[in-house]
Structures are given as C-alpha cells and as structure tokens.
Amino acid sequence: MRGGRHCLVRTIDRYILQELGAPFAQSLGALTFILLTREILRLVELLINKGVGIVPLLKTFLLLLPSFFVLTLPMACLIASISAFSRLSSDRELTAMQATGVSIRRLLRPVLLFSTAVFLVTLYLSQYAQPWTGQSLKKLALIMLRDEVSMAFDEGVFNTPTDKVVMYIGERSLPGGPHGVFISDARIKGEPRIIVAHDWAAINDPLHNRVGMTLRDGTIHVNPKDPREYRMIMFTHYDFTLNLSESLSPTPEERLSLQHIRDKITETNGEDPRYLRMLQDHYKNLAVPVSTLLFGIIGMPLGIVLKRSGRAGGFAAGILIVLLFYVLNVIADYWVSSRALNPFAAAWLPNAAFGAACLWLFYRRTRA
C-alpha cells in the first residue's frame, strides 16, 4: 500500500510539472517577444536601411536576451502557476487528488521544485550572463556593428552620438531635400562650437575607433554666445570625427564594486542618491531572482481561486500581479532617492510584501 501511494504521489508530481511547463513556455515566449518588440524593430531598420549584415544583428539580438529573461522568467513562472492550478481546479482534478489523500500542502512540492529551477536560471542570468545592460549594451553593440555601419545617423531628426554632440542632418534622401548638416559641439570645455555645412560624406575608421563625416562648404562658429570670444571659421573641407575609444570604455561608476559604493556613501554621508540607488541595484541582483520563488508559490492559491479563468485569465491575472510588484519597486526606488528607506530594505520590500501575501493566501486556503 505504501509503495502504491508513493508511486501515485510521484505520478501526481510529474503531472503537475507537465501542467506548469506548457503555460510557462508560452508565457515566456510571448512576454519576451512583447518586451523585445522595440529592439527588434530597431534591428530590422539597421538591416533594411543601414545595410548591416544578418550575423551581427543576430549577435546583437542574443546580447539583448539575458537582460529581458531576468524580467520575463519570474513573470512566466507566476502565469504558469496560476494557469496550471486554475485548470486543475476548474476540471475538478484537485478535488480528485484531495480525495486520494493528497493535500494542498503536498501539492506545493512540485511547484517549489519548478520555481527553484526557474530561480536558479534567473539568478545565473542576473549575476553572470547579464553584463550588457544600459550603456554597456549600447557600447558592446557599437563595437560589434561599427565595421558595417558607416554612420547610423537618422535624417530629419536631432541625433546625439555622444553626450556633448548634437547633430541635425538634412533629409537628402528626399528628392530636392536639403543636404546640409547642423552640429553643436561642446566637447572642448569653455569653447563650444556651432558647425554648419552644405554637404557631407561619411567617415568610418574602425582601426582607430573613429566615425564621423567630411563636411563641405561650411562655417565653424566658436563661442557663439560670447561676443568678446566669438570667432567664425570658413572651410571648404573639414573632417568632423568622433573618437569612440572613450565612449566604448566603462565609465568609473560602472566599475564600482560593492565596497566602493559603500565608501562613496560614507564620503557623501548618504546625501547622493546615485550611490544609494547603485547599492539598491546590487541588492536587487538577488532580490529579483528570489521573487521567482514567491511568484510560483503565490500563483498556486490564486489559480485555485480563479478556477474558471482559464489560461487567458491566468495570463491577465499574472500581468496585473507583476504590475503591482513593479509598482512596489518604483515606490521603493523613490523612498531610497528621498532617503526615507535604506537600500537593502527597499530592494527586499516587494518580496516581503508578496511573502506576507503568500502566507495569508495559504492560511486562508488550508483553513477553507
């Protein structure tokens, strides 16, 4: 009898894991695609309009995935848990399991096993496979694409290739459109420049990490706001280049270790919110993956309650819960910036709130 019961329980565990797997894979694919849509459109534009090869675009796409998976893996785990137990409850399968002596608490084991596996993957991605986020991703993508993009500037809009350079390029692709270019260059301290030219041609120098343009028939206005220092230089040909070496190297803040951040906070007496948020981000590298465990567990009682919602309802409920989770994160970020909450407490506040919700939901379910 004991062997038969043990076999039954193992069969139920495998069955629940299978029920979790299908909505998890579907949700992960859908959520990742939704979040990547904007980046995919940018890559397609590079392929069509800029002539970038398919191989570097695929490499860039792969570099984008880790940062998005860190967000979508916990969300998919929550939706999978809600959808699986919603279906099991609506089809009375949970009632049949309980009739055989399998309690709700015992059903938690496969959910924990599944959530732990997703947690470990998310933890690995957040700690080791996600070095290309924010500016770092842009820099790495630029290194990879610079050999094939002569000058990826958009016509008819203002471009900001660096923090101190703003460009407006005429829409010469249009019939009869203007070929001119306007550049505001503030890279030389105390000597801002306005450059206007009638025409230009691209410069691409991958060997020396330089891109730019050869300007034709234009003027350089030096210190245009100061009449005493103002100078105007006319030219027929002028090479305006951007040295990418500085922008491609990590900034000092990106290299700060946890101890260095704490030292900076001590030096500024905690008055600079930048370092407080950086410390909070360090704690979030563990707090966000841990949320995967909470999402998987909390989805179980929610799915039982939402037993007639189906997978579509489970997806909608999961999105609402995730939105609530990230609203709590935004509130915590604000409290850190205003120094109302320390970074560690702010990083773990959403998890603490959802952990309390898990305990309450399971208490209500087991008492029902």
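Because the structure is a prediction, the values reported are computed rather than measured.

## Overview of the packing of aromatic side chains
Two measures describe an aromatic ring pair: the distance that separates the ring centres and the angle between the ring planes.
At step 1: A full pass over the atoms with the stated rule returns nine aromatic pairs.
At step 2: Relative to Phe-114, the ring of Phe-24 lies with its centre 5.2 Å away and its plane at 90°, an arrangement referred to as edge-to-face. In this pair, Phe-24 is assigned in helix 1 (residues 2-49) and Phe-114 in helix 4 (residues 104-127), connecting sequence segments 90 residues apart.
At step 3: Exposure remark for Phe-24: the relative accessible area of 13% places this residue in the buried category.
At step 4: Classification of Phe-114 as buried rests on a relative accessible area of 14%.
At step 5: On the numbers, 5.2 Å between centres and 85° between planes, the contact of Tyr-283 with Phe-344 is edge-to-face. Here Tyr-283 is found in helix 8 (residues 273-305), whereas its partner Phe-344 is found in helix 10 (residues 343-367), with 61 residues between them in sequence.
At step 6: For Tyr-283, a relative accessible area of 19% translates into the label buried.
At step 7: Among the aromatic residues, ring-to-ring pairing joins Phe-295, Phe-325, Tyr-326 and Phe-354 into one connected group.

## Topic: the nonpolar core
At step 1: In terms of nonpolar packing, the biggest core is built from 44 residues, with Phe-24, Phe-85, Leu-107 and Met-300 touching the most fellow members.
At step 2: No other element matches the twelve residues that helix 2 (residues 54-90) contributes to this core.
At step 3: In this structure, Leu-107 is in contact with Ile-12, Ile-16, Phe-85, Leu-94, Met-97, Val-102 and Met-300, ignoring residues within four places of it in sequence.
At step 4: Counting residues in hydrophobic clusters, the runner-up holds 16 residues, among them Ile-169, Ala-197, Phe-235 and Phe-240.

## Side note on the environment of Ser-89
At step 1: Residue placement: Ser-89 occurs in helix 2.
At step 2: Along the chain, Ser-89 and Ile-304 lie 215 residues apart, while their C-alpha atoms are 5.6 Å from each other.

## Some thoughts on the packing of helix 4 against helix 8
At step 1: At their nearest, the axes of helix 4 and helix 8 sit 8 Å apart, and the two run at 155° to each other. Accordingly, the angle class assigned to the pair helix 4 and helix 8 is roughly antiparallel. Crossing geometry of helix 4 relative to helix 8 is assigned as right-handed.

## Regarding the confidence of the model for the protein chain
At step 1: Here the protein chain shows a mean pLDDT of 78. Residues at 70 or above account for 79%.
At step 2: Within the protein chain, the element-level pLDDT minimum falls on helix 6 (residues 244-248), averaging 54, and the maximum on strand 3 (residues 181-185), averaging 90.
At step 3: The model gives residues 248-253 a pLDDT under 50, and that stretch makes twelve contacts with residues more than four places away or in other chains.

## Description of the pattern of salt bridges
At step 1: Enumeration over the complete set of coordinates arrives at seven salt bridges.
At step 2: Where Arg-187 meets Asp-185, a salt bridge forms, and the shortest distance between an N and an O atom there is 2.9 Å.
At step 3: The partner of Asp-333 in a salt bridge is Lys-284, with the nearest N and O atoms 3.0 Å apart. One end of the pair, Asp-333, is in helix 9 (residues 310-337); the other, Lys-284, is in helix 8, with 49 residues separating them in the sequence.
At step 4: Salt bridges sharing partners connect three or more residues here, namely Glu-191, Arg-193 and Arg-231.

Reading guide: rules and limits
Residues numbered from 1 in each chain as written. Predicted model: local features only at pLDDT ≥ 70, side-chain atom pairs only at ≥ 80, totals over all residues. Heavy atoms only, no water. Phe/Tyr/Trp six-rings, centres within 6.5 Å; stacked < 30°, edge-to-face > 60°. Helix = DSSP H or I, 4+ residues; strand = E, 2+ residues; numbered from the N terminus. Buried < 20%, exposed > 50% of the residue type's maximum accessible area, 1.4 Å probe, protein only. Core = buried A, V, L, I, M, F, W, Y, C linked by side-chain atoms within 4.5 Å. Contact = heavy atoms within 4.5 Å. Axes fitted to C-alpha atoms, helices over the stretch in contact; angles between N-to-C directions. Parallel < 35°, antiparallel > 145°, perpendicular 65-115°, else oblique. Left-handed = near helix turned anticlockwise from the far one by under 90°. pLDDT = per-residue confidence, 0-100. Salt bridge = Lys/Arg side-chain N within 4 Å of Asp/Glu carboxyl O.

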